[in-house]
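These are the residues of each chain, in order.
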Amino acid sequence: MTTNAERGGLYLHLPFCPYICPYCDFAKWPWRTAAAERYLHALEAEIEAAPEFAAQTIYFGGGTPNTYPPEAIASLVERSRKRFNVLPGAEISTELNPDLALCEGFALYRRAGITRLSIGVQSLAASELQTLGRRHSPADVAEVVSRARHSGFDNVSLDLIFGLPGQSVESWGRSLDAALALEPEHLSTYGLTVESGTPYAAWQRRDPAAFASQDLEAELYALAIDRLSAAGYEHYEISNFARPGFRSAHNANYWANGAYLGIGVGAASHLAGARATHTRDLKAYAQAALGGGPIPGEIERLQGAARAGEATMLALRTVEGVEIGPFAERYGIDFLSFYALPVAEMNEAGMLEVTPTHVRLSRRGRFLANAVCAAFLAAAD
Ligand code: SF4
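1. Quick look at the overall build of the protein chain
Scanning the protein chain for helices and strands turns up 16 helices and 17 strands. Computed over its C-alpha atoms, the radius of gyration of the protein chain comes to 21 Å, within 12% of the 21 Å expected for a compact globule of 381 residues. Considering only C-alpha atoms, the protein chain reaches an extent of 55 × 50 × 40 Å along its principal axes. Taking all 381 residues of the protein chain together, the buried fraction comes to 43%.

2. Regarding the domain arrangement of the protein chain
We note that the domain assignment places domain 1 (6-254) and domain 2 (304-380) within the protein chain. Here domain 1 and domain 2 have C-alpha centroids that lie 28 Å from each other. Of all the secondary-structure elements, those providing two or more residues to the side of domain 1 that touches domain 2 are helix H8 (214-230) and strand E9 (234-237). Among the elements that make up the side of domain 1 that touches domain 2, the one with the highest residue count is E9 (three residues). The residue inventory of the side of domain 1 that touches domain 2, partitioned by class, reads five nonpolar, one polar and one charged.

3. Thoughts on the pairing of strand E6 (residues 116-122)
With respect to burial, E6 is a largely interior element, seven of its seven residues being buried. The side-chain alternation of E6 yields two buried faces, one formed by Arg116, Ser118, Gly120 and Gln122 and the other by Leu117, Ile119 and Val121. As paired elements, strand E5 (residues 85-96) and E6 share four bridges and run parallel to each other. Along E6, the bridge assignment pairs Thr94 with Leu117. Pairing between E6 and strand E7 (residues 156-162): five bridges, direction parallel. Its bridge partner lying in E7, Ile119 is registered against Leu158.

4. Some thoughts on helix H11 (residues 304-316)
Taking 1.5 Å of rise per residue, the 13 residues of H11 would be expected to cover 18 Å, and the 18 Å separating its terminal C-alpha atoms lies within 8% of that figure. Along H11, the positions that sit buried rather than exposed are Ala308, Gly309, Ala311, Thr312, Met313, Ala315 and Leu316. Summarising the contacts, the buried residues of H11 are in contact with helix H9 (249-255), strand E15 (322-323), helix H12 (324-331), strand E17 (358-361) and helix H16 (369-380).

5. Quick word on the site of the ligand
Around the ligand lies a shell formed by Cys17, Ile20, Cys21, Cys24, Phe26, Lys28, Gly62, Gly63, Thr64, Asn97 and Gly120. Residue classes in the shell around the ligand are distributed as five nonpolar, five polar and one charged.

6. Brief notes about the sheet that holds E15
Pairing within the open sheet is antiparallel, and its three strands lie in the order E15-E17-E16. At either margin of the open sheet sits one strand with a lone partner, and together these are E15 and strand E16 (352-354). Bridging between E16 and E17 involves three bridges; their strand directions are antiparallel. Bridge assignment links Val354 to a residue of E17, and that residue is Val359.

7. Quick notes on the packing of helix H1 (residues 33-49) against helix H10 (residues 282-290)
Following both chains from N to C, one finds H1 and H10 inclined at 50°, their axes separated by 8 Å at the closest point. It follows from the interaxial angle that H1 and H10 lie oblique. Taken as a pair, H1 and H10 cross one another with a handedness that is left-handed. Residues Arg38, Tyr39, His41, Ala42, Ala45 and Glu46 of H1 touch H10, and the partners they reach there are Tyr285, Ala286, Ala289 and Leu290. Each residue belonging to the contact of H1 with H10 can be placed in one class, and the counts come to seven nonpolar, one polar and two charged.

8. A word on the packing of H11 against H16
At their nearest, the axes of H11 and H16 sit 9 Å apart, and the two run at 165° to each other. With respect to each other, H11 and H16 are oriented roughly antiparallel. Crossing angle aside, the handedness with which H11 passes H16 is right-handed. Between H11 and H16, the residues in contact are Ala305, Ala306, Ala308, Gly309, Thr312, Met313 and Leu316 and Ala369, Val372, Cys373, Phe376, Leu377 and Ala380, respectively. Considered class by class, the residues forming the contact of H11 with H16 number 11 nonpolar, two polar and no charged.

9. Describing unusual backbone geometry
Here the amide bond leading from Gly62 into Gly63 is cis, since omega sits at 20°, within 30 degrees of zero. Turning to its location among the elements, Gly63 is positioned in the loop between strand E4 (53-62) and helix H2 (70-83). One non-glycine residue, Gln122, adopts positive backbone phi at about 70°. In this fold, Gln122 is placed in strand E6. In this model, Ala272 sits at a positive phi of 50°, which is unusual for a non-glycine residue. With respect to the secondary-structure elements, Ala272 resides in the loop between strand E12 (268-271) and strand E13 (274-278).

Quick notes on the rules
- Residues numbered from 1 in each chain as written.
- Predicted model: local features only at pLDDT ≥ 70, side-chain atom pairs only at ≥ 80, totals over all residues.
- Helix = DSSP H or I, 4+ residues; strand = E, 2+ residues; numbered from the N terminus.
- Rg over C-alpha atoms; globule rule 2.2 N^0.38 Å.
- Buried ≥ 20, exposed ≤ 12 C-beta atoms within 10 Å, placed from the backbone.
- Domains from an automatic or database assignment.
- Nonpolar A, V, L, I, M, F, W, Y, C, P; charged D, E, K, R; others polar.
- Pairing = 2+ DSSP bridges.
- Expected span 1.5 Å × (residues − 1).
- Contact = placed C-beta atoms within 7 Å.
- Near = placed C-beta within 6 Å.
- Axes fitted to C-alpha atoms, helices over the stretch in contact; angles between N-to-C directions.
- Parallel < 35°, antiparallel > 145°, perpendicular 65-115°, else oblique.
- Left-handed = near helix turned anticlockwise from the far one by under 90°.

Here is the structure:
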């Protein structure tokens, strides 16, 4: 390993799921043992062929990583350690589906060096889980958290979704309270996005009234901010809350526009200023990786104002916002003059907080982050 290897986050995509949820637009496939085994070999081959990299974090995402047995995940951690320079103290996370049958062997995760579990809870109301097509129950989630604690995990994150069909302010409040009762170190709350081509998109076309209005979504988001902040969680990114010291280091690197190396079907990398995305065609991916050839996909090299625009969009997601001094050093752009117009407009509209050193979203801006980002992107065109 040479010392000039890029440094950042290593992402490994495990795309198989025990079942397919009707709202999901990720690169995922139902579990088939032969395909899953072949895919594992493809991942191993891609790891071997990958560029040198210093991993500050490792993240197993999916799909459902825990459709694979814990031995497979442990062996991928081991392989990554051999192939890359995994830095001391690296945060190593895996996503988990809290399906009890898939949540065995957490002690092995610990022994492999996994430090953080991110559990796809989605809701703690049984009826909403059913609407989402999820097969776990609220009691299963509690059991999985308890297993994690018993295995020594002191960094557990829970993902929740708001704006679900049939969800009320009261039921969302109860889900938040039930999540807080499990004392996670970290919580992510995502507004439901209906992605085209999913069964949810067809449902929304048939019955738009079943889905949350923008006003209701804003009310649900406000409730999450207020309740989680009152419980001592820092709202450090639009969708993320953490107890002090438990921000997600892997995701923080994305928002800082850092380097990352993505391994697996559909995975994205940001290396040497270029963004590359692997094909989402499972067969094409496996064939290319196993053949040692380049993985088909897309590559984009952002430069100048486009690069700064993207960095702005990412930074605005965080509580720190854009740090004007470091931004000028890194992108060669004086933020306040280059973006004078959107800064003035958005500040006037109460969407931003502007200080001599930082530009960040106000509370109001967090509810309308897409509009704020669009204003900055338009200015960068
Ligand atoms: S939501 Fe998660 S478990 Fe459901 S299909 Fe998508 S990746 Fe798989």
